[in-house]
Amino acid sequence: MGTFLMPSSAFGILLPQFPVVSLGRPRGQFHLILRGSSNRKRRNLLTGNWQCRPRIIAASNRDNFNDAFTDDEDGFKSRRYGKSEMKKDKLTEMRKALSEAKARQEALEKERDQLLQEFASSEAKQKEDADSIFLGKEVTVSELESDKSLLHQKLQETVEEKTALESKLVLTKQDAIELAVQVEKLAEIAFQQATSHVLEDAQLRVSAAETMAAESAFQIEDQIRKSTEGTISSIIEESRDAIKEALDVAENSREQAMKAIAAFTDSISSIDAISSVQSENIKLQGVARDLEAQLLVSKSEFNRMKLELQRAREQAGAAELRANNAERALLESQELRRENAMEQEEDIRSLLQKIREEAEERKKVLSKAFKDELESIKAAVDAAKETTQSRENAYMRRCEALQRSLKTSESALNMWRQRAEMAHSLLSKERSEKEDNEDDIYIVNGGRIDLLTDDDSQKWKLLSCGPRKEMPQWMERRIWSIRHKFPPRKADISKALNSNFKSLELPKPDKVWSIAQEKLREGDILVEHVMEKEEIEKKRKTLERALQRKTVQWQRTREETKLEPGTGTGREIVFQGFNWESWRRQWYQELALKAADLSQLGITAIWLPPPTESVAPQGYMPSDLYNLNSKYGSVEDLKSCIEEMHAHDLLALGDVVLNHRCAHKQSPNGVWNIFGGKLAWGPEAIVCDDPNFQGRGNPSSGDIFHAAPNVDHSQDFVRRDIKEWLNCLRNEIGYDGWRLDFVRGFSGTFVKEYIEVSHPAFAIGEYWDSMAYEHGNLSYNQDAHRQRIVNWINATGGTSSAFDVTTKGILHAALHGQYWRLIDPQGKPTGVMGWWPSRACTFIENHDTGSTQGHWPFPREKLAQGYAYILTHPGTPVIFYDHLYEFGMRDVLTEIMEARKRAGVHCRSSVKIYHANNEGYVARVGDTLVMKLGHFNWNPSKENQLDGSWQKFIDKGSDYQVWLRQ
C-alpha cells in the first residue's frame, strides 16, 4: 500500500486531494504532464515516467510490504516500510479506496487519452497551418521578387524601347530634314535649269517627305504611348494581383490559425494545452507581423516602382512634348521654306520667263545678224575672190609681158654691151697707136659707130654696115619717120667735125646690169598691184579664221591626242584650276576667262573640279554621275570652259571620283545603299566588307572610305557602266584626261582597264598615304612610303602617273635647314621622283592640304623655294590656283617656268646632286640647268665636275639661284 499527494499548485488550478492505495504490483503506470507540451515532456509521458515536483510516492503489494519513498525534487533516498500485520478493516477500506482510485484512474486515463488525441490532432493541424503559412510566405516572397524583377525588366525594356523609339524619331526627323535639304537642292537646280518638270518633282518630293515625316512621327508616338501604357498597366495589374493573392493567403492562414486556436482553446481544459496554444498563437502572430512587414516592404517597393513609372511617364510625356515641339518647329520651318520657295519659284519663274523671252529675242536678232553677217562675209569673200582672181590674171599677163620685155632688153643690152666693149677697145687702141693720123675719126651713124680709116677698108665697112643685106628704102623711110631725131649718116670727116652732135658716151657695164637688180618703188603700177594683192590676201585669211571660229568646232587630230597617258607629252605643267571654296561662284565661267593668261604663262594642262552632282558641294561625294550640273556651273558652262581651254591649246583634266558613290534611297532595313539616276545600282555594287552600308558585292581590293558606299569594281556591270561614263566625258563633254580621286580604295588593275578604254592624254592618281615618323619627327628613310605609290603605278601598267606625296612631305622638313633629306643613299632624289620620275607629279599644295581645309599646309615662307625645286626637277609639276592668283607669286612662278622651258627640262631629265647638307642643296638637271637652295656659298665655277660656261638666270639670294648653260 502506498500513498502520494499532488499539490494543486502544480496545475495552476484547485483539484480534490485523495489518497491512493495500491496492493501488489501495479497494473499500470501513471503518466502526468505538469507544464507545456514540449517534445521532451511528451516523450516522458509516453514512457511512463512521472515527473511531478514536489511529490511523495508510497507503494505496497501483497507479496512484499516494503515501502519505498522517493523525493524527486530534493533527492532524498527511498525508504521501505513493512508491516507484518494489518488490520482487516483497514484492508477492506484500502481495497475499496483502491478500486475507487482505479476507477478514477481509468476515467482519468480515458480523459487523458482523449485530450492527447485532440492535442495531437490540434498540433498536427497547427503544424500544417504553419507549414502552409510558411509555404505561402515563401511563395508570396518569391512571387513578389519575380514580379519585382519582371517589373524592373519591363521598365528597363520600356526605357530602352522608348530610347530606341526616340532615336528612331530623331533619325526620322533628321532624314526628313535631309530630305528637305535635298529637296531644296533639287529646287535650286530646277530653278537654275528652268525646267518645270523638275520643279513638280521637287514639290512631290517635298510633300512625300513631309507626309513620311508626319506618318513616322505619328507611328512612333503611337507606338511609344501604346507600349508604355500597356506595359505599365500590365505590370501594375500583375503586381496588384500578386499582392492581393499574398494578402488573401495570409488572411486565410490567419483565420485558420485563429480558428484552430479557438477550437483548441474550447476543447482543451488543461493548463498545458492553453499555454502551448498561446505560445503557438504568439508565433503565428510573429509570422503574420513578418508577413505584414514584408507586405509593407513590397508595398513601398511597389510605390517606389510606381513613382519610377510615373517619372518614366513624365519623361515620356516631356519627350513627346519635345517631339511635338520639334515637329511643330519642323512643320513651321517647312511651311516657311515652302512659302519662301514658292515665292522664289514665282520670282524665278517670272525672271526666267523674262530671261527666256529676252534670250529668244536676242537669239533671233543675233541669229539674223549672224546670218546677215555671214552672207555679207560670204559675198565679200566671193567678190574678193573674183577680184583677186581677175587681178591675178591681169598681174600674170603683165608679168608675162614684163618678162618678155625684160628678155628683149637683156638681149639688146648684151648686144650693146658687146658692141660698146668692142668700140671702146678699138677707139682706145687706135688713138694710142695713131695719134698723128688726122683721117681717123668716129661718128654716130644710125646707132652704129663707123671707124673711117680709108674708103676701101673692108674691115671698117664690115663694122659699119655689118654682114647683112642693105636696108630697103621703104624701111629706111619708116625708120626715119619714127626716129627722125637720129643724126644723119656722115660721109666724110669734115662733116663729122662740123656736126653739132657729140660723140657717144656709153654707160659702164655695172650701171647697165644694175637695172635688172633695181627694186620696186612705190608709185609703179606693178608695185601697187602687188601691195593690193597682199592686203587682199591678209583680209581673206582673217575672214577665214573668223568663219572657222564661228562655224567650225575645234577638233584635235588623232596624232595630237595619241599621247602616253602616264606622261602626256613629257613636258606638261599642270595647273589646279580651283580651291576648296570655288563652288561658291560660277567657276566655269571665271576659269574660262583665264585660259589665255594660263596658256601665255606656259601652262599646258588644267585640272578642273569634279563635274558631277554631289551631296557635298565640292563634288567629292558624287551621286548621279550623268548629272553634270554642279555647284561650279551648268553642263553648258562646262563645255564652253573646255572649248576655251582647247582654243588656247590647253588640256582639260577631269576630276573623277570612282572609289565611292552616294546612294539616293534607303533599303527596307534603313541603310542608304540604293542608287538612282541612269546608273541605278543596288547593294550588289557595294563591297561586302564596308561596315556601314551592307554591301553584297565582293571584298574590297583596297582601303575603305567610311563616309560613303565603296564601289565594287570587280563587278562586270560596274566596270561597263564606268567605261561608258568616261567615254561620254571624253567624247561629248571634251575632257582630255583624268585626275583620279582616292585610288587607295581600289586596285590599279581596274584603273589600267579604264584608261585603256577611255584613251586619256594624261592621267594622275591620288595615292595619299601616311609617312613614317620617329619620336614625332619625320624619318629620313621614306622608301616604304614611295614604294607603295610605285606599286600602285606598277599595277596600272604605267598608264597613269601619281602625285609625289613623298617629295612634298620631305620638302616640309628639308627646307628648314635639313637639305640633306633631299638625297638618298644612292645619290638620287628621295621621293618618287628619284625612282620613277616620268610618273611622278610633284606638287606643293592642293585643295585638301591647303586652301580653307589646311590638312597639311606647306610653310608659307618656303613656297618659293618649294616651287623652285619642283619646277627645275624632272617629273610633272603641278601649280595650285591660290599660289598663282591669290598669294602674289605670279612673277616668281613665271620666272621659274621660263627657266624650265629654256633649259628644256622634261619629266625624264637626269639629276646630278653635287651637295646636300645643312647649308644648302646643289644639283644639275639635264645638261643645261643648275640650281641651288639655301645659303650655301657656291657657284658653277667652284665645281670641278661641272664643265661649260654658265650664266645666272635667277638670283634670289639665300633662297634659291638658277644658272643656264650658255
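Going by what an unreviewed UniProt entry lists, the protein is known as alpha-amylase and is assigned to Hibiscus sabdariffa. Annotation of the protein in UniProt includes, under Sequence similarities (unreviewed entry), the sentence "Belongs to the glycosyl hydrolase 13 family." Per UniProt, the protein has the following entry under Catalytic activity (unreviewed entry): "Endohydrolysis of (1->4)-alpha-D-glucosidic linkages in polysaccharides containing three or more (1->4)-alpha-linked D-glucose units."

Chemist: Explain the overall build of the protein here, please?
Modeler: Looking only at helices and strands, the protein has 21 helices and 21 strands in total. Counting all 966 residues of the protein, 39% fall into the buried class. Element-wise, carbon and sulfur atoms account for 52% of the exposed surface of the protein, whose accessible area totals about 56400 Å².

Chemist: Hey, could you run me through the pattern of salt bridges in this one?
Modeler: For side chains bearing opposite charge, pairing can occur when the charged atoms are close. For the coordinates displayed, the defined rule picks out 19 salt bridges. Arg744 is paired through a salt bridge with Asp703; the nearest N and O atoms lie 2.8 Å apart. Of the two residues, Arg744 is situated in the loop between β10 (737–740) and α15 (748–758) and Asp703 in the loop between β9 (672–674) and α14 (716–733); the sequence distance between them amounts to 41 residues. Residue Arg786 is joined to Asp824 by a salt bridge in which the shortest nitrogen-to-oxygen separation is 3.3 Å. With a gap of 38 residues between them, Arg786 in helix α16 (residues 783–795) and Asp824 in the loop between α17 (805–814) and α18 (832–835) connect regions that are remote in the sequence. For the pair formed by Arg786 and Asp824, the shared burial category is buried.

Chemist: Whenever I open this one, the nonpolar core confuses me. Can you help?
Modeler: Across soluble globular proteins, nonpolar side chains show a tendency to be buried alongside one another. Formed by 117 residues in total, the largest nonpolar core has its most connected members in Ile606, Tyr735, Leu822, Tyr867, Ile879, Tyr921 and Leu933. Beyond its immediate stretch of four places on either side in the chain, Tyr921 contacts Tyr819, Leu822, Tyr869, His873, Val911, Ile913, His915, Ala916, Met931, Lys932 and Leu933. Grouped together as the second largest cluster of nonpolar side chains are 8 residues, Tyr914, Val922, Trp938 and Trp963 included.

Chemist: Is there a simple way to explain unusual backbone geometry in this structure?
Modeler: Even without glycine at this site, Asp649 takes up a positive phi of about 60 degrees. Note that Asp649 resides in the loop between α13 (635–647) and β7 (651–656). The class for Asp649 is exposed, based on a relative accessible area of 57%. The phi angle at His775 is positive, at roughly 55 degrees, despite the residue not being glycine.

Chemist: Would you take a moment to explain the packing of aromatic side chains for this structure?
Modeler: Centre distance and the angle of the planes are the two values used to describe a pair of aromatic rings. Tallied over the entire structure, the rule returns 17 aromatic pairs. Measuring from ring centre to ring centre gives 6.3 Å for Tyr588 and Tyr632, while their planes differ by 40 degrees; the resulting arrangement is tilted. Residue Tyr588 is located in helix α11 (residues 587–592), and its partner Tyr632 is located in the loop between β6 (605–607) and α13; the two are separated by 44 residues in the primary sequence. Pair check on accessibility: Tyr588 and Tyr632 agree, each one buried. Considering the side-chain rings of Trp681 and Phe717, the 6.4 Å spacing of their centres and the 80 degrees angle between planes classify their relative orientation as edge-to-face.

Chemist: Explain the environment of Arg571 here, please?
Modeler: Within the secondary structure layout, Arg571 lies in the loop between α10 (558–561) and β5 (574–576). Residues Arg571 and Thr604, spaced 33 residues apart in sequence, show a C-alpha to C-alpha distance of 8.3 Å. With near-sequence residues (within four places) excluded, Arg571 lies in contact with Thr604, Gly904, Val905 and His906. Within the structure, Arg571 has its side chain in polar contact with the backbone oxygen of Gly904 (distance 3.1 Å).

Chemist: Got a minute to help me understand the sheet that holds strand β20 (residues 950–955) in this structure?
Modeler: Sheet strands pair by backbone hydrogen bonding; their relative direction is either parallel or antiparallel. An order of β17-β18-β19-β21-β20 is seen for the 5 strands of this open sheet, with the pairing classed as antiparallel. Unpaired on one side and paired on the other, β17 (911–916) and β20 mark the two borders of the sheet. Taken pair by pair, the neighbouring strands of this sheet meet at an average axis angle of 20 degrees, ignoring direction. Two elements, strand β18 (residues 920–925) and strand β19 (residues 929–934), share 6 bridges in a ladder whose sense is antiparallel. Looking across to β19, one finds that Gly920 is bridged to Gly934.

Cut-off values and rules
Residues numbered from 1 in each chain as written. Predicted model: local features only at pLDDT ≥ 70, side-chain atom pairs only at ≥ 80, totals over all residues. Heavy atoms only, no water. UniProt positions renumbered as here; feature names shortened; annotations may be inferred. Helix = DSSP H or I, 4+ residues; strand = E, 2+ residues; numbered from the N terminus. Buried < 20%, exposed > 50% of the residue type's maximum accessible area, 1.4 Å probe, protein only. Areas by Shrake-Rupley, 256 points an atom, 1.4 Å probe, with all protein chains shown as cover. Salt bridge = Lys/Arg side-chain N within 4 Å of Asp/Glu carboxyl O. Core = buried A, V, L, I, M, F, W, Y, C linked by side-chain atoms within 4.5 Å. Contact = heavy atoms within 4.5 Å. Phe/Tyr/Trp six-rings, centres within 6.5 Å; stacked < 30°, edge-to-face > 60°. Polar contact = N/O pair within 3.5 Å; in protein donor to acceptor, adjacent residues only side chain to side chain. Pairing = 2+ DSSP bridges. Axes fitted to C-alpha atoms, helices over the stretch in contact; angles between N-to-C directions.

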